[in-house]
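# Notes for the structure review
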Amino acid sequence: LALGEQVISLENLSIPHPGLKDRPFALLPFADLLPDWQWPGKDERVAETVSHWRSLAADQIPFRTRRSFLS
């Protein structure tokens, strides 16, 4: 999904994943693990990016992504 601040753009590999912002099933756990990670070359933390997904009702989040409320 990401490799620190590195950007890799090859024919068969792109890091960070170009569709990561549109995939809550990957983005939400990623933000839980590394909330302070920033998109390379941008002044946006992943925790800020997921605020959109967290504000939606469960039936509005694509790919049947569900959040656990267990601590």
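Please refer to the structure higher up on the page.
Residues numbered from 1 in each chain as written. Predicted model: local features only at pLDDT ≥ 70, side-chain atom pairs only at ≥ 80, totals over all residues. Heavy atoms only, no water.

### Describing the environment of Gly4
Structurally, the position occupied by Gly4 is in the segment before β1 (8–9). Not counting chain neighbours up to four residues away, the residues in contact with Gly4 comprise Trp37 and Pro40. (Helix = DSSP H or I, 4+ residues; strand = E, 2+ residues; numbered from the N terminus. Contact = heavy atoms within 4.5 Å.)

### Quick look at unusual backbone geometry
Here Ile15 and Pro16 are connected by a cis peptide whose omega angle stands at 0 degrees. Take Pro16: it is sitting in the loop between β2 (14–15) and α1 (24–33).

### Digging into the packing of aromatic side chains
Using the criterion set out here, one finds 2 aromatic pairs in the structure. On the basis of an interplanar angle of 70 degrees and a centroid distance of 5.0 Å, the ring pair of Trp37 and Trp39 is categorised as edge-to-face. For the pair Trp37 and Trp39, one class covers both residues: buried. The structure contains a cluster of three or more aromatic residues connected by ring pairs, namely Phe30, Trp37 and Trp39. The ring centre of Trp39 lies 5.0 Å from the NZ or CZ of Lys21, which sits over that ring. (Phe/Tyr/Trp six-rings, centres within 6.5 Å; stacked < 30°, edge-to-face > 60°. Buried < 20%, exposed > 50% of the residue type's maximum accessible area, 1.4 Å probe, protein only. Lys NZ or Arg CZ within 6 Å of the ring centre and 35° of its normal.)

### Here we look at the environment of Ala2
Here Ala2 lies in the segment before β1. Through-space distance from the C-alpha of Ala2 to that of Trp39 is 8.9 Å; in sequence the pair is 37 residues apart.

### As for the pattern of salt bridges
Applying the stated rule across the entire model yields 3 salt bridges. Its salt-bridge partner being Arg45, residue Asp36 comes within 2.4 Å of it at the nearest N-O pair. Under the relative-accessibility criterion, Arg45 is labelled partly exposed at 29%. A salt bridge links Arg45 to Glu48; the shortest N-O distance between them is 3.7 Å. It is possible to trace a salt-bridge network through shared partners that takes in Asp36, Arg45 and Glu48. (Salt bridge = Lys/Arg side-chain N within 4 Å of Asp/Glu carboxyl O.)

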